[in-house]
Amino acid sequence: MSTVSKTQDPETNPRVKAVFDDIRATRKSDFINNMWLYLAFDADLLEKTWGEVKAVMATPSALDPLTKELLYIAVSVTNGCSYCAHSHTAAAKSKGMTDEQHADLVRVISLAAKTNQLATALQVPVDTVFDADQKS
């Protein structure tokens, strides 16, 4: 259940249409997913959010596209965002993620969550060798 209503005919707003056209061109698909359809209630928010997503996820960088999707899945799971976990799992699969890689990713997410909770519960002090300011 949404906290805002999906905008009817969002592309009547020229700013929204421009973003949707860019999404289609960038992704080479006519599909506009619900995230963008619901963000269309505010053209400023839609433009800014898409701009950031495009800059990070669709622009070549030091991380390959599949690695970016795997990271996005891990953060989405950690933050409890079902929508993002689903959409970025689908994106990772479209970028070649295998079932074995997905299973491995889930194991890493699970282990990291457990050890993060243990370190937090025990308030383990950070080793000085891990402090970038202590390295010469």
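Above this text you will find the structure in question.
Now for a description of the structure that goes with this document. Given the structure is predicted, the values throughout are model-derived calculations rather than measurements.

So, how was this worked out
- Residues numbered from 1 in each chain as written.
- Predicted model: local features only at pLDDT ≥ 70, side-chain atom pairs only at ≥ 80, totals over all residues.
- Heavy atoms only, no water.
- Phe/Tyr/Trp six-rings, centres within 6.5 Å; stacked < 30°, edge-to-face > 60°.
- Helix = DSSP H or I, 4+ residues; strand = E, 2+ residues; numbered from the N terminus.
- Buried < 20%, exposed > 50% of the residue type's maximum accessible area, 1.4 Å probe, protein only.
- Expected span 1.5 Å × (residues − 1).
- Contact = heavy atoms within 4.5 Å.
- Core = buried A, V, L, I, M, F, W, Y, C linked by side-chain atoms within 4.5 Å.
- Axes fitted to C-alpha atoms, helices over the stretch in contact; angles between N-to-C directions.
- Parallel < 35°, antiparallel > 145°, perpendicular 65-115°, else oblique.
- Left-handed = near helix turned anticlockwise from the far one by under 90°.
- Nonpolar A, V, L, I, M, F, W, Y, C, P; charged D, E, K, R; others polar.
- Salt bridge = Lys/Arg side-chain N within 4 Å of Asp/Glu carboxyl O.

## Things to note about the packing of aromatic side chains
Here's step 1: For the coordinates displayed, the defined rule picks out one aromatic pair.
Here's step 2: Ring geometry for W36 and W50: centres 5.4 Å apart, planes at 90 degrees, overall edge-to-face. In this pair, W36 sits in helix α2 (residues 34–39) while W50 sits in helix α3 (residues 43–57), placing the two residues 14 residues apart along the sequence. In this structure, W36 and W50 share a single accessibility class: buried.

## Observations regarding helix α5 (residues 82–94)
Here's step 1: The end-to-end C-alpha distance of α5 is 18 Å, a good match for the 18 Å that 13 residues give at a rise of 1.5 Å each.
Here's step 2: Those residues of α5 hidden inside the fold are in contact with α3, α4 (65–79) and α6 (99–122).
Here's step 3: Directly after α5, the chain includes G96, whose backbone phi takes a positive value near 105 degrees.

## Considering the nonpolar core
Here's step 1: Among the nonpolar cores identified, the biggest contains 14 residues, and F20, I23, W36 and L46 are the most heavily contacted of them.
Here's step 2: Mapped onto this core, the elements with two or more residues apiece are α1 (14–27), α2 and α3.
Here's step 3: The leading source of residues in this core is α3, at five residues.
Here's step 4: Contact partners of W36, with chain neighbours within four places excluded, come to F20, I23, R27, L46, T49, W50 and V53.
Here's step 5: One finds L66, I73, L105 and I109 within the second-largest nonpolar core, a separate group that totals six residues.

## Things to note about the packing of α4 against α6
Here's step 1: Two elements in contact, α4 and α6, have axes whose closest approach is 10 Å; the angle formed by their N-to-C orientations is 45 degrees. Judged by the angle between their axes, α4 and α6 are oblique. As for how α4 packs across α6, the hand of that crossing is right-handed. For the pair α4 and α6, contact is made by L66, L70, I73, A74 and V77 and by Q101, L105 and I109, respectively.
Here's step 2: Considering only residue class, the contact of α4 with α6 consists of seven nonpolar, one polar and no charged.

## What about the pattern of salt bridges?
Here's step 1: With the rule as written, the count across this model stands at eight salt bridges.
Here's step 2: Between D22 and K54 there is a salt bridge, and its shortest N-O distance comes to 3.0 Å. Taken together, the positions of D22 in helix α1 and K54 in helix α3 put the pair 32 residues apart, joining distant regions of the chain.
Here's step 3: For K54, a relative accessible area of 30% translates into the label partly exposed.
Here's step 4: Salt bridges linked by common partners bring E11, K17, D21 and R24 together as one network.

Any link to function would need more than the numbers given here.
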